[in-house]
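For reference, the chains in residue letters:
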Amino acid sequence: MSFGNWKPTVVVQGILWILYGLLLQPEPGTATLPLLMDSVIQALAELEQKAPATETGRSAAAWLLSAQGSGTLSPLRHFLLEGKGLNTTDLDPPSLSPELQGLMGEVARHSVQDGKEYGVVLAPDGSTVAVEPLLAGLWAGLQGHRIVNLSLESSATPPDAEVTFPDLADTSPGLSDASPDVTSADVRAVSPNVSTKDLDVGATSPEVRPGSPDVQASSPDNKAKLPTAVDSVLVVTLAGDLGLNFLQGPQTWNHSGLGIEGCWDQLSVPRTFTLLGPEASSLTTAFLNGALDGALLGDYLSQTPEPRPPLSHLLSQYYGAGVAGDPGFRSNFRRHNGAALTSAPTLTQQVWGALILLQRLEPAHPRLQGVSQEELAQVATHASKEFTEAFLGCPAIHPRCRWGAAPYQGRPTPLKLPLGFLYVHHTYLPAPPCTSFKRCAADMRSMQRFHQQTQGWADIGYSFVVGSDGYVYEGRGWHWVGAHTLGHNSRGFGVALIGNYTAVLPSEAALRAVRDELPRCAVRAGLLRPDYALLGHRQVVRTECPGDRLFNQLRTWPHFDQNVKPRTARRASSRSKRRPPPMILLSTDLQ
């Protein structure tokens, strides 16, 4: 089917409403498919094949809007995502196969219960993604960056009221202001069942942009005015949930509960996802992944002119080689792209605005009753700061279970934290950089087998390993003594980049993870001292590691210790030349 045969806006919006309806009305007991993103894409493709036969999907969307009722979506999503101008019809919507309908029923709603996470799927890049915020972002993006004006008419807070914020440096460019189709609505004290149709959402307001002073917050005198508008893409994906979760109390302001990872029961046919942290909030890594994907793709859709590609095609690209041939615009780099999409000051205004909007949509909300604007501002500030620093600013780390690690042999020795050193290695072999989750995971298992079975070590030697796929892979991790730098294993973390970097450099994403993200977040979490020293392996052990080209790059990095001179590697004797390949010779220097 060619893109030219589509009437994309109504078709794709209709498909999303159909999908929402199927999510909310599953057939019990019919799910047989694994919880994979590929299956979600398959469901969208099946709907897209049937949608053109139903008057470009508009009638089917209207039917589902009527059938599912207004109470099934959260108040924020119901208000911001409800289709306008759709009249109900007797036409039945196209249906999915029982297998796909059962699968979509399983991922209908994101939740965390008894240490398990529901409504998530495994993506091809090895990440786990919550489907609900992803679909919400797609739907909001198809409507354009719809800016909703927040009326400041309130007896409790005058229009010119200002609230003092902690100092937040705006280091990111902020949300794109290139949206071609911006609409707005005034929101005052309205009841939960009021729809956007009742609030005149059709008026175009081109002067209100997500990047405007009315939406962003950052003023020289450190005072921020009440937000006057919110962006629907950010609110339905991220801002609303951030605000509500941080409203629970100061205990949620600690990043220990933000972005918790988990393990699938199996990677080939995933069915059950168990979280690694017992005190996890609903703001898990999987939820934040889905929220970021929804925000990024929603932003993209809002700026993409007609004809837009089918959603199944868009998601296949995003969770594959990259959208529109751009390898940087894919799920592997969602955190980096998310940091470019929004900044802490911008997100603060969006979170605060989302809470104001919810307060007016649902006056009896138990978490919002009696909460002042000053308190909402503080919650928004802390939530945005925590998210941008502890999640967006940190590398995405695949836990051991994700790459299929074998158990540790014996009892690990705990580290005495914080440590003072970061030792940088290259693996030498495998020599080619790994650029996909499948390849990187296989390399991790190969290295672990070599370290355990050939070297006789308890586990893979490195603390962390960095691939060229945008991910860091957990080795021995933050808390256990490794076997990476002979005589120094208890003093620092050993981080290896997969590949041979004697003559070439790793990818910029891999360099950024080792140079900036990993140490910055380790310092923030109290695992690495702020005055840590960064050393190449060759500075403390006689070896060529981490390769001439990479070591010369390390010399230019902050925290590199110039005072520790490299130790010249021993020349290989004729006897040593008959020994096994270089990786084995180099690896004997690790422990």
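The structure reproduced in this document is the subject of the present report. (Residues numbered from 1 in each chain as written. Predicted model: local features only at pLDDT ≥ 70, side-chain atom pairs only at ≥ 80, totals over all residues. Heavy atoms only, no water.)

**Some details on the packing of helix α8 (residues 285-303) against helix α10 (residues 334-341)**
Each pair of packed helices gets described by two things: the angle between the helix axes and the distance between those axes.
Here is step 1: For the pair α8 and α10, the least separation of the axes is 10 Å and the interaxial angle reads 55 degrees. With respect to each other, α8 and α10 are oriented oblique. The two elements α8 and α10 cross, and the hand of that crossing is left-handed. Facing T285, N289, L292, D293, A295, L296 and D299 of α8, the residues of α10 in contact are R334, R335, N337, G338 and L341.
Here is step 2: Looking at the contact of α8 with α10, its residues break down into four nonpolar, four polar and four charged. (Axes fitted to C-alpha atoms, helices over the stretch in contact; angles between N-to-C directions. Helix = DSSP H or I, 4+ residues; strand = E, 2+ residues; numbered from the N terminus. Parallel < 35°, antiparallel > 145°, perpendicular 65-115°, else oblique. Left-handed = near helix turned anticlockwise from the far one by under 90°. Contact = heavy atoms within 4.5 Å. Nonpolar A, V, L, I, M, F, W, Y, C, P; charged D, E, K, R; others polar.)

**Concerning the packing of helix α7 (residues 232-246) against α8**
Here is step 1: At a minimum axis separation of 8 Å, α7 and α8 run at an interaxial angle of 155 degrees. For the element pair α7 / α8, the angle class is roughly antiparallel. For the pair α7 and α8, the sense of crossing is left-handed. Contact residues: α7 offers V233, L234, T237, L238 and D241, while α8 offers F287, L288, A291, G294, A295, G298 and D299.
Here is step 2: Here the contact of α7 with α8 is built from residues that sort into seven nonpolar, three polar and two charged.

**Things to note about helix α14 (residues 437-454)**
Here is step 1: Taking 1.5 Å per residue as the helical rise, α14 with its 18 residues ought to reach 26 Å, and the 25 Å between its terminal C-alpha atoms agrees with that figure.
Here is step 2: Residues of α14 that are buried include every one of F437, C440, A441, A442, D443, M444, M447, Q448, F450, H451 and Q452, and no others.
Here is step 3: Of the residues flanking the end of α14, it is G456, one or two places downstream, whose phi is positive at about 75 degrees. (Expected span 1.5 Å × (residues − 1). Buried < 20%, exposed > 50% of the residue type's maximum accessible area, 1.4 Å probe, protein only.)

**Thoughts on the packing of aromatic side chains**
Here is step 1: Using the criterion set out here, one finds nine aromatic pairs in the structure.
Here is step 2: Summarising the aromatic geometry, the rings of Y318 and Y319 are spaced 5.0 Å apart at their centres and angled 85 degrees between planes, so their arrangement reads as edge-to-face.
Here is step 3: By way of ring pairs, the aromatic residues Y300, Y318, Y319 and F329 are connected into one cluster.
Here is step 4: Just above the ring of W557 sits the side chain of R515; from NZ or CZ to the centre is 5.8 Å. (Phe/Tyr/Trp six-rings, centres within 6.5 Å; stacked < 30°, edge-to-face > 60°. Lys NZ or Arg CZ within 6 Å of the ring centre and 35° of its normal.)

**Describing the nonpolar core**
Here is step 1: Membership of the largest hydrophobic core comes to 87 residues, with the highest contact counts inside it found for M37, L242, L297 and F387.
Here is step 2: Look past the residues within four positions of L242 in its chain and what remains in contact with it is L283, L347, V351, A383 and F387. (Core = buried A, V, L, I, M, F, W, Y, C linked by side-chain atoms within 4.5 Å.)

**Details of the sheet that holds strand β17 (residues 528-536)**
Here is step 1: Sheet architecture is open: six strands sit in the order β12-β15-β14-β16-β13-β17, paired in mixed fashion. Two strands in the sheet have a free side with no partner beyond their single neighbour: β12 (397-398) and β17.
Here is step 2: As judged from the two bridges shared by β12 and strand β15 (residues 472-474), these two strands associate in the parallel manner. Bridge pairing links H398 to Y473 in β15.
Here is step 3: Contacting β12, β14 (464-466) and β15, α14 crosses the sheet at an angle of about 35 degrees to β15. (Pairing = 2+ DSSP bridges.)

**Considerations on the environment of L33**
Here is step 1: Tracing the chain through its elements places L33 in the loop between α1 (8-24) and α2 (37-50).
Here is step 2: With near-sequence residues (within four places) excluded, L33 lies in contact with S39, E99, L100, L103 and R271.

**Some thoughts on the state of the cysteines**
Here is step 1: Counted according to the given criterion, the structure contains three disulfides.
Here is step 2: Sulfur-sulfur distance for the disulfide between C263 and C401 comes to 2.0 Å. Disulfide C263-C401: torsion about the S-S bond near -90 degrees, hence left-handed. Taken together, the positions of C263 in strand β10 (residues 262-264) and C401 in helix α13 (residues 400-403) put the pair 138 residues apart, joining distant regions of the chain.
Here is step 3: With a relative accessible area of 18%, C263 lands in the buried category.
Here is step 4: Using a relative accessible area of 29% as the deciding quantity, one classes C401 as partly exposed.
Here is step 5: Shown here is the disulfide that connects C434 with C440, its sulfur atoms set 2.0 Å apart. Between C434 and C440 the sulfur-sulfur dihedral comes to about 95 degrees; the bridge is accordingly right-handed.
Here is step 6: Note on C434: relative accessible area 0%, which makes it buried.
Here is step 7: With relative accessibility at 0%, the residue C440 sits in the buried group. (Disulfide = S-S within 2.5 Å.)

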